[in-house]
2 protein chains.
Amino acid sequence: MKVSKIIDVAKKADVSPATVSRVLNGSNLVNAKTKAKVMQAIRELDYIPNNMGKQLRSRKTMTLAVVVSDIRVSYYAEIIKGIENMANSLHYKVLICDAQNQKAKEFEFLSLLMNRTVDALILVTPNLSDEEIAVYADNGYTIGLIGRKIEHPQMPCSFTDNVKLAREVIVHFVEQGHRKIAFLCGYADAMDSQARLEGYMKALQEAGIPYEDDLVDNGDFSEEGGCEAFKRLRSHRSDFTAVFAANDEMALGVYKACAELGISIPDQLAVAGVDNIRLTNYVRPRISSVEQPLYAMGAVMTEKLIDQMNDNVWADKRSFKVDARLVVKESSKGAE
Amino acid sequence: MKVSKIIDVAKKADVSPATVSRVLNGSNLVNAKTKAKVMQAIRELDYIPNNMGKQLRSRKTMTLAVVVSDIRVSYYAEIIKGIENMANSLHYKVLICDAQNQKAKEFEFLSLLMNRTVDALILVTPNLSDEEIAVYADNGYTIGLIGRKIEHPQMPCSFTDNVKLAREVIVHFVEQGHRKIAFLCGYADAMDSQARLEGYMKALQEAGIPYEDDLVDNGDFSEEGGCEAFKRLRSHRSDFTAVFAANDEMALGVYKACAELGISIPDQLAVAGVDNIRLTNYVRPRISSVEQPLYAMGAVMTEKLIDQMNDNVWADKRSFKVDARLVVKESSKGAE
DNA sequence: ATGAAAGCGCTAACAA
DNA sequence: TTGTTAGCGCTTTCAT
């Protein structure tokens, strides 16, 4: 059977294509009777509007792209879900872009914005630099950011207060009586790492504990990387009694290293991580971890972004700093 | 700065728009010299082709939609990654559709196909019935299927040999000396459940063990559901020495129930699951589990689907039955 | 090897 | 409230 177009409906309902379009798009300047006629024709013809034509004419794709480094990582999956659900409820679609941990791929996906495949692009903790990203926003492309903040009048962001986050963990350790606290940081050049290091140092200072350079090392956010970094740390120093890992993967790496080295958690070493992934509740002792509201971060940003595109500008607020909360479990309790 | 279109490039290069289009699309009937001229103009104008125009005219979106019930579940994430990576390497984009476990949403996403937002749709273990899906394929829409098989000349599928999978697990249990083996099945009406039940029964028969109705119960693939189902089972019978759970979540539920009931794994009860999720390696004892090549299933299907759309029909094979492999760990070894 | 011309299917000014 | 008329930006016959 031939697929019908708007002109077919118009003829059958004895109106103009414009009127059909109005009915389709819920314009309120259509007579109820006319509308009924049109609806009838649509039904009889099994008419379904062709989205390609609509896009071209209206210059809108109603589609967002979300770029992450690895879809499989639960951190990203959770954020994507927040984005997708919010987008869908606002009649937007979501293109998924798996950058496979390659900065070059992130760059490639930016072309989706330029060639008008999508109306906006959301970057989740990208490897691109602030400047590289800002260029696009400057050129009028709509970009949203999750997990990082860039000062730009047009770029909505949602991100965690990393200083506060790190501070909270260290305060907790101090309360448990720890004085020598190591920090397994992420990539040295990452924003997050900087901020968390700041929070770490701040909290130490507040507690009157001197900062020591060799109690800090960097990992790559992987279990293996955490394991290695911990061993490295341990080869220099063996007097620390607590470790703050920049994420749970690295905390798991610490667990692995401790198993090998015969270090008992939490008696000889307290451990805490970030993300509060499901796994932290299945290993023994369960890992204390900082939980970020990932789903909400995705959803809020998306709402804001779409709002901005549609010029519903209560342009007051573009930047959402969200609070994380430390979930204390056995890995950091009951220390001496 | 004004954004330029194909006509601007044509003028600047002193050729026709058609020629520019040919260059853009890598047609080989373009003089090398002409091509160079056009490329130069493109560069000078920073010309970027507009995808909306292209789509409308070529009647192709170069986009796939993939429908899953919950993006966050690692089972789906892994498949999606396979799909996305393959699609991308073939210059296709992927729309992500989170059905939030609602059949109604799955239906809604089918409209993406009908209104030409995407060229094809991939359903991953959908809740829709075979008939509901087949209707669309009959009407000429391109649909691919993962985790289920539907006999249809136009519908590529990739799915696991569930009979074999279940058989393998039971054979393993029998080899370990078990004779009373329980089966925590998934939804009673699911394809997979049927097939696995068949494999279970078959293996028992081969081992000369009579099938007993009350050694089988159904769960909902969740940890909680598995826990409950196990307790239910256990309230009728307490003589079985092994449990085969239809997925790892349910196996985790069994672990939970056993912890509550004081049953020791694997000494008093051997356990095995399906999916071999990461968690199975972090609980103690580690859970024996059947691993499916999810990434590959996604990738293969996608390749086939795209191939089919582009009429590269070595139409011989549409159906990919893949083998899963049992990874034996501590939860099912060392039983009496 | 290149160009001219005709749309793909729809919406948005502008008129009426 | 409805219709008329132009395109949105591109590709693709059909000529040449």
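In the annotation of an unreviewed UniProt entry, the entry for chain A reads LacI family transcriptional regulator, and the organism field reads Paenibacillus lentus.

Peer 1: What's the story with the overall build of chain A in this structure? I'm lost.
Peer 2: Scanning chain A from N- to C-terminus turns up 12 helices and 12 strands. By principal-axis analysis of the C-alpha atoms, chain A measures approximately 85 × 40 × 35 Å. When each of the 336 residues of chain A is scored for burial, the buried share is 54%. Considering only contacts within chain A whose residues lie at least 6 apart along the sequence, 68% involve residues at least 24 apart. Accessible surface, chain A as shown: approximately 15000 Å² in total, 51% of it carbon and sulfur.

Peer 1: Any chance you could explain empty space enclosed by the protein here in plain terms?
Peer 2: Which parts of space are left empty comes out when a probe the size of a water molecule is rolled across the atoms. Inspection of every chain in the model, using the stated rule, returns five cavities of 30 Å³ or more. As a volume, the largest cavity reaches approximately 120 Å³. Taken together, A:Gln55, A:Thr61, A:Thr63, A:Leu95, A:Arg116, A:Thr117, B:Gln55, B:Thr61, B:Thr63, B:Leu95 and B:Thr117 make up the full set of residues lining the largest cavity. For the lining of the largest cavity, a count of residues per class yields two nonpolar, eight polar and one charged.

Peer 1: How do you make sense of the relation of the copies chain B and chain A when you look at a structure like this?
Peer 2: A rotation about an axis combined with a shift along that same axis relates the two copies of the chain. Each copy of the sequence occupies a distinct position, and chain B is placed on chain A by a rotation of 180 degrees and an axial shift of 0.0 Å, giving an RMSD of 0.1 Å. The transformation just described matches what one would write down for a two-fold rotation axis. For chain B, the smallest separation between a C-alpha atom and the rotation axis is recorded for B:Leu95, amounting to 2.2 Å. The residues that chain B uses at the interface reappear at the interface of chain A in 100% of cases, marking a shared surface.

Peer 1: Is there a simple way to explain the packing of helix 5 (residues 74-89) of chain B against helix 12 (residues 294-309) of chain B in this structure?
Peer 2: Between two packed helices, what matters for the description is the angle formed by their axes and the separation of those axes. Residues and elements named next belong to chain B. Put simply, helix 5 and helix 12 touch, their axes get as near as 7 Å, and they point 40 degrees apart. In terms of axis orientation, helix 5 runs oblique to helix 12. Here the hand of the crossing between helix 5 and helix 12 comes out right-handed. Residues Tyr75, Glu78, Ile79, Lys81, Gly82, Ile83, Asn85, Met86 and Ala87 of helix 5 lie in contact with helix 12, whose contacting residues are Leu294, Tyr295, Gly298, Ala299, Thr302, Glu303 and Ile306. Classifying every residue of the contact of helix 5 with helix 12 by side-chain character gives nine nonpolar, four polar and three charged.

Peer 1: Even after reading the chapter, I still don't get the interface of chain B and chain A, so can you show me in this structure?
Peer 2: By a frequent convention, interface size equals the accessible area lost on bringing the separate parts together. Each side of the interface is counted separately: chain B has 43 residues, and chain A has 43 residues. Interface area for chain B against chain A, summed over the two sides, is near 3800 Å², with a carbon-plus-sulfur share of 62%. Salt-bridge contacts for A:Lys81 lead to B:Asp70; the nearest nitrogen and oxygen are separated by 3.0 Å. The tally of links from chain B across to chain A stands at 22 residue pairs in polar contact (both at pLDDT 80 or more). Counting residues per element, the ones that place at least two in the side of chain B that touches chain A are helix 4 (51-58), helix 5, strand 2 (93-98), helix 6 (103-114) and helix 11 (248-261) of chain B. It is helix 5 of chain B that provides the largest number of residues to the side of chain B that touches chain A, a total of seven residues. Looking at the side of chain B that touches chain A, its residues break down into 18 nonpolar, 12 polar and 13 charged.

Peer 1: Would you mind showing me how to read the protein's contact with DNA strand C here?
Peer 2: Close contacts around DNA strand C come from 25 residues, with A:Ile6, A:Tyr47, A:Arg57, B:Thr34 and B:Arg59 the closest. Within 4 Å of the protein, atoms of DNA strand C come from sugar and phosphate in 61% of cases. Breaking the surface near DNA strand C down by element, the ones donating at least two residues are helix 2 (17-24) and helix 4 (51-58) of chain A together with helix 2 (17-24) and helix 4 of chain B. A per-class count over the surface near DNA strand C returns nine nonpolar, eight polar and eight charged.

Peer 1: Before we go on, may I ask you to explain the side chain of B:Thr19 in this structure?
Peer 2: Residues and elements named next belong to chain B. Inspection of the secondary structure assignment puts Thr19 in helix 2. For Thr19, a relative accessible area of 14% corresponds to the buried category. Leaving out residues up to four positions away in the same chain, Thr19 has contacts with Val30, Thr34 and Val38.

Peer 1: Where do I start with the pattern of salt bridges in this structure?
Peer 2: Two side chains of opposite charge can pair, provided their charged atoms sit close to one another. Evaluation of the coordinates by the stated rule reveals 46 salt bridges over all chains. The residue B:Asp130 makes a salt bridge to B:Arg148 at a minimum N-O spacing of 3.0 Å. Pair noted here: B:Asp130 is in helix 7 (residues 130-138) and B:Arg148 is in the loop between strand 4 (142-146) and strand 5 (157-160), with a separation of 18 residues, a long-range link. A relative accessible area of 22% places B:Asp130 in the partly exposed class. Overall, B:Arg148 belongs to the buried group, its relative accessible area being 10%. Residues joined in a network through salt bridges with shared partners are A:Asp70, A:Arg72, A:Asp98, B:Glu78 and B:Lys81.

Peer 1: Help me out: how do you make sense of the nonpolar core in this one?
Peer 2: Note that soluble globular proteins tend to have their nonpolar side chains buried in a common cluster. Counting 96 residues, the largest nonpolar core has A:Phe230 and B:Phe230 as the members making the most contacts within it. Apart from residues lying up to four places away in sequence, B:Phe230 is in contact with B:Leu184, B:Phe240, B:Val243, B:Val254, B:Ala257, B:Cys258, B:Leu261, B:Ile263 and B:Leu269.

Peer 1: Just to check I follow, could you spell out the UniProt feature "domain: HTH lacI-type" (unreviewed entry) in chain A for this structure?
Peer 2: Per the UniProt annotation, the sites labelled "domain: HTH lacI-type" (unreviewed entry) are residues 4-58 of chain A. Its end C-alpha atoms 20 Å apart, residues 4-58 of chain A is made of 69% helix and 0% strand.

Peer 1: Sorry, what's going on with the protein's contact with DNA strand D here?
Peer 2: Lining the immediate surroundings of DNA strand D are 26 residues, of which A:Arg22, A:Asn31, A:Thr34, A:Arg59 and B:Tyr47 lie closest. Restricting attention to atoms of DNA strand D within 4 Å of the protein, one finds that 59% of them are sugar or phosphate atoms. One nitrogen or oxygen atom from the main chain of A:Arg57 is found 3.3 Å from a base oxygen belonging to DNA strand D. Elements with a contribution of two residues or more to the surface near DNA strand D: helix 2 and helix 4 of chain A together with helix 2 and helix 4 of chain B.

Peer 1: Can you walk me through the sheet that holds strand 7 (residues 216-218) of chain B in this structure?
Peer 2: Adjacent strands of a sheet form backbone hydrogen bonds with each other and so pair up, either parallel or antiparallel. Residues and elements named next belong to chain B. The six strands lie next to each other as 7-6-8-9-10-12, forming an open sheet whose pairing is mixed. Because the sheet does not close on itself, it has two edges, and the strands there are strand 7 and strand 12 (325-327). Averaged over all pairs of adjacent strands, the angle between strand axes in this sheet comes to 20 degrees, irrespective of strand direction. Of the strands in this sheet, strand 6 (181-185), strand 8 (242-245), strand 9 (270-274), strand 10 (288-291) and strand 12 are in contact with helix 8 (residues 162-175), which crosses strand 8 at around 165 degrees. Against the sheet, helix 10 (residues 223-236) contacts strand 6, strand 7 and strand 8, and its axis sits at roughly 145 degrees relative to strand 7.

Peer 1: For this particular structure, what's the right way to read the UniProt feature "domain: HTH cro/C1-type" (unreviewed entry) in chain A?
Peer 2: Taking the numbering used here, the UniProt-annotated feature "domain: HTH cro/C1-type" (unreviewed entry) corresponds to residues 8-48 of chain A. Between the end C-alpha atoms of residues 8-48 of chain A the distance is 11 Å, and the span holds 68% helix and 0% strand.

Peer 1: When you look at the packing of aromatic side chains in this model, what are you seeing that I'm missing?
Peer 2: We describe a pair of aromatic rings using the distance from one ring centre to the other and the angle between the two ring planes. Applying the stated criterion across every chain, the model contains 14 aromatic pairs over all chains. When the ring of A:Phe183 is compared with that of A:Phe244, the centres are 5.1 Å apart and the planes differ by 10 degrees; the resulting orientation is stacked. Taken together, the residues A:Phe183 in strand 6 (residues 181-185) and A:Phe244 in strand 8 (residues 242-245) connect sequence positions 61 residues apart. For the pair shown, A:Phe183 and A:Phe244 are each scored as buried. When the ring of A:Phe230 is compared with that of A:Phe240, the centres are 6.0 Å apart and the planes differ by 90 degrees; the resulting orientation is edge-to-face. Of this pair, A:Phe230 sits in helix 10 (residues 223-236) while A:Phe240 sits in the loop between helix 10 and strand 8, and the two are 10 residues apart along the sequence. The same class applies to A:Phe230 and to A:Phe240, which are both buried. A cation over a ring is seen here: B:Arg234 above B:Phe240, with NZ or CZ 5.8 Å from the ring centre.

Conventions and cut-offs
Residues numbered from 1 in each chain as written. Chains lettered and ligands numbered in written order. Predicted model: local features only at pLDDT ≥ 70, side-chain atom pairs only at ≥ 80, totals over all residues. Heavy atoms only, no water. Helix = DSSP H or I, 4+ residues; strand = E, 2+ residues; numbered from the N terminus. Buried < 20%, exposed > 50% of the residue type's maximum accessible area, 1.4 Å probe, protein only. Contact = heavy atoms within 4.5 Å. Areas by Shrake-Rupley, 256 points an atom, 1.4 Å probe, with all protein chains shown as cover. 1 Å grid on protein atoms, 1.4 Å probe; cavity = no way out; pocket = protein on both sides within 12 Å on 5 of 7 lines; lining within 4 Å. Points joined across faces, edges and corners; volume = space filled by probe spheres on them. Nonpolar A, V, L, I, M, F, W, Y, C, P; charged D, E, K, R; others polar. Least-squares fit on C-alpha atoms with pLDDT ≥ 70 in both. Axes fitted to C-alpha atoms, helices over the stretch in contact; angles between N-to-C directions. Parallel < 35°, antiparallel > 145°, perpendicular 65-115°, else oblique. Left-handed = near helix turned anticlockwise from the far one by under 90°. Buried area = accessible area lost by both parts, 1.4 Å probe. Salt bridge = Lys/Arg side-chain N within 4 Å of Asp/Glu carboxyl O. Polar contact = N/O pair within 3.5 Å; in protein donor to acceptor, adjacent residues only side chain to side chain. Near = heavy atom within 4 Å. Core = buried A, V, L, I, M, F, W, Y, C linked by side-chain atoms within 4.5 Å. UniProt positions renumbered as here; feature names shortened; annotations may be inferred. Pairing = 2+ DSSP bridges. Phe/Tyr/Trp six-rings, centres within 6.5 Å; stacked < 30°, edge-to-face > 60°. Lys NZ or Arg CZ within 6 Å of the ring centre and 35° of its normal.

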